[in-house]
Amino acid sequence: MDINKIRKDFPILRRTVNGKRLVYLDNAATSQKPQAVLDALENYYREHNANVHRGVYTLSEEATALYEGARKKVADFISAPSVSEIIFTRNATEAINLVAYSWGRKNIRSGDEIIVSGMEHHSNLVPWQILAEETGSRLVVWKITEEGKLDISKLEKLVNGKTKLLAVAHVSNVLGTINPVEEIMVAVKKINPKTRLLIDGAQAVPHMKVNVARLGADWYAATGHKMLGPTGIGFLWGKKELLEAMGPFLSGGEMIKEVTWGKTTYNDLPWKFEAGTPNIAGAIGLGAAIDYLEKIGMDEIRKHEVELSEYLIGKLKNDHAVTVYGPQKSTDRSGVISFNLKSVHAHDLAAVADSFGVAIRSGHHCAQPLINSFGEAAAARASFYLYNDRQDIDGLLEAIEKAKEIFKLSSKHEIRISTRNSLNASNSKQIPNGENSNVSSFRI
Amino acid sequence: MDLYREEILDQLRNSPFKRRLINPTVVAREVNPLCGDDLTLMLKVKNDKIEEVAFWGEGCAISQVSASFLCNVVLGKTLIQARKIKEADQLQNLGLTLSPSRTKCALLSVWTLQKVFVSA
């Protein structure tokens, strides 16, 4: 993999920020776009723009071919058994909401249980919270281990006859943990073969080869903008029988077969779940992104990210002022590294980094319960992709040193950034007198 | 980095207002969901005047310094006067050049103060 050649494909990497070379390390939030994707977007609007599935004229046929061609690319990319199992959505969040709405509402009843892991992004947590509330079912949390992994043996206690669904991330957007979803699937179905499994693959699909047929899940959600594609496009894969049994999500045009005043029949898969004019350009852009990724090879990309992770974690581990979260072994994790610098709030670290042209994320990363569960309110996060290199990491390390310098502690003055006790489940708003304050709020 | 110049860091390290009040009259807490800044304001009010004020919580330097500044401003004021403090006043007082996202950090203390009056 020729990084220099790859970097040339990404026009934004020529930018400077605050006079410095752009070091973009927030790929878990969104990825940059190669010229090929930008070209595909422009080319569609310039040469082939028309609405899909509707016209008999040439332009419409071309647009439809491109759109459905993109769907095929997605299906092949994740080894879906059938192209009709790929539903385009706005993003992974919408894909998960689709399942909650179309499957959850009809199939989850009062007294049922839904399991989510303790490392879920809000998009794979809040829809289930709302569903549980609406249906009178119970949300159960599969807590993470100290190392930030999931212990499959715990499923024996968690999964029972009432468990209708387990929703879990393939890769954590905070800890970088790669969850052994195939094994999870086997373990769950052993206890209750009727339990459904939904996987949030937003952080997985862009960075490693995913084979949904082999994983054995019932649904798999992912998003385009994290995998070099444009924003506004994502997809849901689902098992055909399941999708066929599910009622529609959004309704209106396109998802219908026949409409009369009294009754409407729905379209076949996948169009049953794609109401209205879709994000045609987005899907085509995503198709181009997949072409680009396939040309480089997902295994190559994974290998590259492992190398970068090992380099950064290696350096951070030797720094006593830094705490790195997540699994120890680089093979257990993706190129997402969350960490904290002692006595420097993640926000401030990110601000210092920005002055060096380095973009890292700071905050709770849309995973408040997770961040709270390791006794923090916020963390800094660096996340890689195929166009990052060692120089990028060195830039981050330089920023960390600068932050240490700016916020240096003398023996007299202690900057109290964290007043938290770890793992405290109380929601107290009181300020106690004297002892360590208990201001953490661990929801769920 | 100008934002983290010495006076700011000094406020951060040595704020006389960062402590817990025993038996406060009013307590209000606000969180900035975007980043995890968490702030609690405690006031001791006697005869309508803010006799003592303190803050607690965790957050970035800007949110902490802003809280310290605000405590300094409200100390000795009446509740009516404190109620009049606006976001623009706070930003002017701080005198920092802030991006939109960091502005929220600076305003967290003002929002917390405003919560005091909602509950009062």
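Refer to the structure printed above.
Predicted model only: the values in this text are computed from it and were never measured. (Residues numbered from 1 in each chain as written. Chains lettered and ligands numbered in written order. Predicted model: local features only at pLDDT ≥ 70, side-chain atom pairs only at ≥ 80, totals over all residues. Heavy atoms only, no water.)

## Focus on the packing of aromatic side chains
Residue and element names in this part refer to chain A. Counting across every chain of the model gives 8 aromatic pairs over all chains. With 5.7 Å between their ring centres and 90° between their planes, Phe 10 and Tyr 292 make a pair best called edge-to-face. With Phe 10 in the loop between α1 (3-8) and β1 (16-17) and Tyr 292 in helix α10 (residues 280-296), this residue pair connects regions lying 282 residues apart in the sequence. For the pair formed by Phe 10 and Tyr 292, the shared burial category is buried. With 4.3 Å between their ring centres and 25° between their planes, Tyr 325 and Phe 374 make a pair best called stacked. (Phe/Tyr/Trp six-rings, centres within 6.5 Å; stacked < 30°, edge-to-face > 60°. Helix = DSSP H or I, 4+ residues; strand = E, 2+ residues; numbered from the N terminus. Buried < 20%, exposed > 50% of the residue type's maximum accessible area, 1.4 Å probe, protein only.)

## A look at helix α12 (residues 346-355) of chain A
Residues and elements named next belong to chain A. Most of α12 is tucked away: 8 of the 10 residues are buried. By the burial criterion, the buried members of α12 are Ala 346, His 347, Asp 348, Leu 349, Ala 350, Ala 351, Val 352 and Ala 353. Of the residues flanking the end of α12, it is Gly 357, one or two places downstream, whose phi is positive at about 80°.

## Observations concerning helix α2 (residues 61-74) of chain B
Residues and elements named next belong to chain B. Across its 14 residues, α2 extends 20 Å between first and last C-alpha, which sits within 8% of the 20 Å expected from 1.5 Å per residue. Burial of α2 is extensive: 11 of the 14 residues sit out of reach of the surface. Considered for burial, the residues of α2 that qualify are Ala 61, Ile 62, Ser 63, Gln 64, Val 65, Ser 66, Ala 67, Ser 68, Leu 70, Cys 71 and Val 74. Directly beyond the C-terminal end of α2, a positive phi value near 90° is found at Gly 76. (Expected span 1.5 Å × (residues − 1).)

## Some words on the sheet that holds strand β14 (residues 336-341) of chain A
All names here are of chain A. Read from one edge of the open sheet, 4 strands run β13-β14-β17-β16, paired in antiparallel fashion. Looking at strand neighbours, the two that pair on one side only are β13 (322-324) and β16 (361-363), the edges of this open sheet. The sheet shows a mean angle of 30° between the axes of neighbouring strands, direction not considered. Sheet analysis places β16 next to strand β17 (residues 379-383), joined by 3 bridges and oriented antiparallel. Within β17, the residue paired with Gly 363 across the bridge is Ala 379. Sheet strands touched by α12: β14, β16 and β17. Its angle to β16, the strand with the most contacts, is close to 160°. The strands touched by helix α14 (residues 390-406) within the sheet are β14 and β17, with β14 carrying the most contacts at an inclination of about 15°. (Pairing = 2+ DSSP bridges. Axes fitted to C-alpha atoms, helices over the stretch in contact; angles between N-to-C directions. Contact = heavy atoms within 4.5 Å.)

## Concerning the sheet that holds strand β2 (residues 37-46) of chain B
Residues and elements named next belong to chain B. If you walk across this open sheet you meet the 3 strands as β1-β2-β3, and the pairing is antiparallel. Edge positions in the sheet fall to β1 (26-32) and β3 (49-58), since each has one partner strand and no second. The sheet shows a mean angle of 15° between the axes of neighbouring strands, direction not considered. Pairing between β1 and β2: 7 bridges, direction antiparallel. Within β2, the residue paired with Asn 32 across the bridge is Asp 37. In the packing of α2 onto the sheet, contacts are made with β2 and β3, and the angle to β3 comes to roughly 175°.

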